[in-house]
Amino acid sequence: MMQFMLLFSRQGKLRLQKWYVAHPDKVKKKITRELITTILSRKPKMCSFLEWKDCKIVYKRYASLYFCCAIEQNDNELLTLEIIHRYVELLDKYFGSVCELDIIFNFEKAYFILDELLVGGEIQETSKKNVLKAIAAQDVLQERELDT
Amino acid sequence: MAPVRGDGMRGLAVFISDIRNCKSKEAEIKRINKELANIRSKFKGDKTLDGYQKKKYVCKLLFIFLLGHDIDFGQMEAVNLLSSNKYSEKQIGYLFISVLVNTNSDLIKLIIQSIKNDLQSRNPIHVNLALQCIANIGSRDMAEAFSTEIPKLLVSGDTMDVVKQSAALCLLRLYRTCPDIIPGGEWTTRIIHLLNDQHMGVVTAATSLIDALVKKNPDEYKGCVSLAVSRLSRIVTASYTDLQDYTYYFVPAPWLSVKLLRLLQNYNPPTEDPGVRGRLNECLETILNKAQEPPKSKKVQHSNAKNAVLFEAINLIIHNDSEANLLVRACNQLGQFLSNRETNLRYLALESMCHLATSEFSHEAVKKHQEVVILSMKMEKDVSVRQQAVDLLYAMCDRTNAEEIVQEMLNYLETADYSIREEMVLKVAILAEKYATDFTWYVDVILNLIRIAGDYVSEEVWYRVIQIVINREEVQGYAAKTVFEALQAPACHENMVKVGGYILGEFGNLIAGDSRSAPMVQFKLLHSKYHLCSSMTRALLLSTYIKFINLFPEIRSTIQDVFRQHSNLRSADAELQQRASEYLQLSIVASTDVLATVLEEMPSFPERESSILAVLKKKKPGRVPENAEIRDNKSPVPNAHNNAHAAQTNHTVSLNSTASSDLLGLSTPPANQSQTGTLIDVLGDIYSATNGTGNVINNAKKFVFKNNGVLFENDLLQIGVKSEFRQNLGRLGLYYGNKTQTALQNFVPTLQWSAEDALKLNVQIKAVEPTLEAGAQIQQLLTAECIDNYSEAPSIVISFRVNGGAPQKITVLLPLTINKFFEPTEMNAESFFARWKNLGGEQQRAQRVFKAQQPLDLPGARNKLMGFGMQLLEGVDPNPDNMVCAGIIHTQAHKVGCLLRLEPNKQAQMFRLTIRSSLENVTQEMCNLLVDQF
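Residues numbered from 1 in each chain as written. Chains lettered and ligands numbered in written order. Predicted model: local features only at pLDDT ≥ 70, side-chain atom pairs only at ≥ 80, totals over all residues. Heavy atoms only, no water.

### Looking at the sheet that holds strand β2 (residues 14-19) of chain A
All names here are of chain A.
Right, on to step 1. Spatially, β2-β1-β5-β4-β3 is the arrangement adopted by the five strands of the open sheet, whose pairing is antiparallel. In this open sheet, the two edge strands, each paired with only one partner strand, are β2 and β3 (49-52). When strand polarity is set aside, the average angle formed by the axes of neighbouring strands in this sheet is 20°.
Right, on to step 2. Alignment of β3 against strand β4 (residues 55-62), held across four bridges, turns out to be antiparallel. Paired with E51 across the two strands is K56, which belongs to β4. (Pairing = 2+ DSSP bridges. Helix = DSSP H or I, 4+ residues; strand = E, 2+ residues; numbered from the N terminus. Axes fitted to C-alpha atoms, helices over the stretch in contact; angles between N-to-C directions.)

In structure tokens form, the structure reads like this:
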């Protein structure tokens, strides 16, 4: 089960955080700070996996954004990399060549898409087509409300 | 930036732009505070806000929160949004409460009500929104409120697939908070059958749920195994076009495959059914075969997804640990990855091989890759990969490759990353000890460790080398020679000084014959380091010096000068001052004999599990740094409280050192820290008596021949005895030492012996305090008066509780056997044999023949007889090997004369014991006490 996912920029600014386990805000901030520093200090060719406390960190950089997930000991690292990739693909498809600014200005959409992909820290839907269909259906509902 | 569909919120976009344009942190905070004030006034204002405005402000609050600021209002407005009939407003409301969960109970009720309404909706989008919110919050309130609805949604035929998926994971989330939410009975079958669902998304979500349920109730969910195997079989044999959108970069359903493979790891063996088992093995073979096929795409996504399935399959193969063929194939596959250009793959392959190394089927196959792994340890650019290589080398080490692996690890230590040095040192120390066939090699390895990475050598490691040297006579001379040489290096690590000091103090005499390491040379070498060391090491060196006085009387005056120098203000440390003064006095006051006894060589340490292993386990609780052969092995470890270099000299010391397993007794083990101040000298010379039977030492039998020492010891308690006897009277001091870190409560020792014997041996005991503090020792006095001859000695039963736990009870036989009331009687051969003949009656004599303990030890037997209480008569028996004794037992009622003859038979390795006395009971009891003791 995924514990949390963080998106942050090369400058260390947090862009999105999703927690699947409950922590007090203070702890969340501490974890975030620690991980951002650790990951930003790593070199490009290094391994994407880290031992960290009692979980494993899987991270990958896409352009100026780092995607970082904490998973449990039993979880599959390689497939977590592909969860990240699937999420990036979904953002890319939805926003059309996604960039950091899209996520800043439409953070709520980024959350809605993530909620379709993962629920309670587990993958809900792996089909790109199905996730996009669900998001499109939400957008249709909104547009209809605008018309009324 | 592309325009976003749905409805944009202009105000929000403007605000975000403002924040981004802020030139400084202060400006940003100012802008945020202005916005917060604005929103607050809007929320509080008289004008009612419409849904759009509410949504916009709530969204701004969310954004501010995500920037890292605290938000303490807006929850009510967000909850209002939940009941909006506009989806976009509802959605923002849900997002806000999901991100800013508040346990405010009033609001939770409202939230739950809104969720209930949305769950009833005919629109699946609304239902999913509600389910996602439940999963995001996942509180106990939620679990209680929806425990009936969600399972229904999950298995109902009417539910749409997308809703089923959310419901499965939502239920899983609630189950993790509140395990009793899952209904049993017929639900079990219905949940299991979700594995057969047409929709791959539903199966994927349901597999996660089932995996969690199986963990709690494997038997109830056993039916899932064959379904999971069938499903897996269909996926691995599918072509990548079959599964359409569930194929990911040419890999059919990697997520579902991995989940199914994980699910099957909950059972061992996965199934009893040979058919299902066969199909599963086919699947695993197919996955291994596919790994060998050329890639269908150059994209890393293809390789990642394919290898994710492969690694999970290998995990299952390792978990089953039954198919040698599959294990070896897995190992070969991983071996190929060791030289893959993807760092991630090399990392995972090393990690996975660690597990393979611990299986008997694949251990040898892993060893084939030793060279590559050593290269990885040395050459990998990423320290975490190097770390995995070290772990693997540790796991694959066995008798055949230990020397090579240890040597390579030592070489690498010189340049290893600081972050992994300490752990490497522990590993090298464990392997060197475990696989040493020649202990000179072990000593070399540990000294090299100290030389190369002295700062990372923990106490446990250098304690350990000392224990091993003390326990192994064959290596002592070599150790002395080697430390002596190592100390000659101009800059040597303080840990080397500690080990060197200790070993030379014990065994310096073994190399003193060589003029290059003559006593004075040894002393000067050690003392040249003294001023550079911490006070703990100095204290140790002072103990070494006093030991030198015993070993090398010729340098006594030089050492006394040093003690004199440090016995005054020049030693700023009070402990050192005290030590120096006391050692000085000891060297002046004590006779050579006393000195030799007080400073005699350290006795062997009892054998126990290595404490180093425990340290390593503690360092890495979640990981697998296991060595195949070490898993359940026991190897010797110090008994923390037994020995003290320092304690022997009647010293109570408390230097700063950790309490666990401190070999030097420099911290505060109970037995050394006497509060009565009388026991230490008693216990000091007795420890050799401890025989390591597990953790419990019960010496009662040995006390037939002696009066003082450790009577009993386990992990919690040590009982020492000091006793003296005169005529028919005896006095015993019992010393109870609490070895734990917590107080022993309800501590009550009581006497126990038969009523009949109680009349013949009158014992008075003083009560003790019912609480024995952590690390403390208390004394209990006993007086004994022998009224008449008796057979059974009394026992003491000690009951107590540790930390409020279950009551503990220890029963130990007291050293109050009848022979304690002996008075030795000197007589010549003539009178001995005259009496011998007089006591020739049937009831007066008894004889036993028994096997000697190997090897037959005549001086030892004589010593024991002297401790027994009778007079050992010299020149009485014509055969010099025979031992004869005479003595009188004092009871109030009688005086009982006793004669003893012990005849060894060297060829047969037997003893013949004859006792003659005036009372039948006494004769028999003497025999019972002595038989099998030699």
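### Notes on the environment of I450 of chain B
Residues and elements named next belong to chain B.
Right, on to step 1. By the secondary structure assignment, I450 is in helix α24 (residues 439-453).
Right, on to step 2. The buried category is assigned to I450, whose relative accessible area is 0%.
Right, on to step 3. Residues I450 and I430 lie 20 residues apart in sequence; the distance between their C-alpha atoms is 14 Å.
Right, on to step 4. For I450, the residues in contact, after removing those within four places along its chain, are V457, W462, H493, N495, M496 and V499. (Buried < 20%, exposed > 50% of the residue type's maximum accessible area, 1.4 Å probe, protein only. Contact = heavy atoms within 4.5 Å.)

### Thoughts on helix α28 (residues 519-530) of chain B
All names here are of chain B.
Right, on to step 1. Taking 1.5 Å of rise per residue, 12 residues should cover 16 Å, and α28 covers 17 Å from first to last C-alpha, within 8% of that figure.
Right, on to step 2. Of the residues making up α28, those classed as buried are P519, Q522, F523, L525, L526, H527, K529 and Y530.
Right, on to step 3. Looking at the buried positions of α28, the neighbouring elements they touch are α26 (473-487), α27 (494-507), α29 (535-551), α30 (556-566) and α31 (574-589). (Expected span 1.5 Å × (residues − 1).)

### Points about the state of the cysteines
A disulfide bridge is the covalent bond that connects two cysteines by way of their sulfur atoms.
Right, on to step 1. Following the criterion strictly, the structure yields zero disulfides over all chains and no others.
Right, on to step 2. Looking at the unpaired C55 of chain A, the closest cysteine sulfur is the one in C68 of chain A, lying at 9.5 Å.
Right, on to step 3. You can call C55 of chain A buried: its relative accessible area is 7%.
Right, on to step 4. Here C533 of chain B stays free of any disulfide, with the sulfur of C492 of chain B as its closest cysteine sulfur at 7.9 Å.
Right, on to step 5. Residue C533 of chain B is classed as buried on the basis of its relative accessible area, which comes to 8%. (Disulfide = S-S within 2.5 Å.)

### Structural notes on the domain arrangement of chain B
As a measure of interface size, the accessible area lost when the parts come together is often cited.
Right, on to step 1. Along its sequence, chain B is carved into domain 1 (397-599), domain 2 (699-816) and domain 3 (819-932).
Right, on to step 2. Averaged C-alpha coordinates put domain 1 of chain B and domain 2 of chain B at centres separated by 38 Å. (Domains from an automatic or database assignment.)

### Observations concerning a negative patch on the surface
Right, on to step 1. A grouping of E403, D438, E473, E474, E600 and E601 of chain B is seen on the molecular surface, where their side chains present a negatively charged patch.
Right, on to step 2. Here E601 of chain B shows up in the loop between α32 (592-598) and α33 (611-619). (Patch = residues over 30% accessible without salt bridge, like charges linked within 9 Å, V, L, I, M, F, W, Y side chains within 5 Å. Areas by Shrake-Rupley, 256 points an atom, 1.4 Å probe, with all protein chains shown as cover. Salt bridge = Lys/Arg side-chain N within 4 Å of Asp/Glu carboxyl O. Lys, Arg positive; Asp, Glu negative; His and termini not counted. Charge placed at Lys NZ, Arg CZ, Asp CG, Glu CD.)

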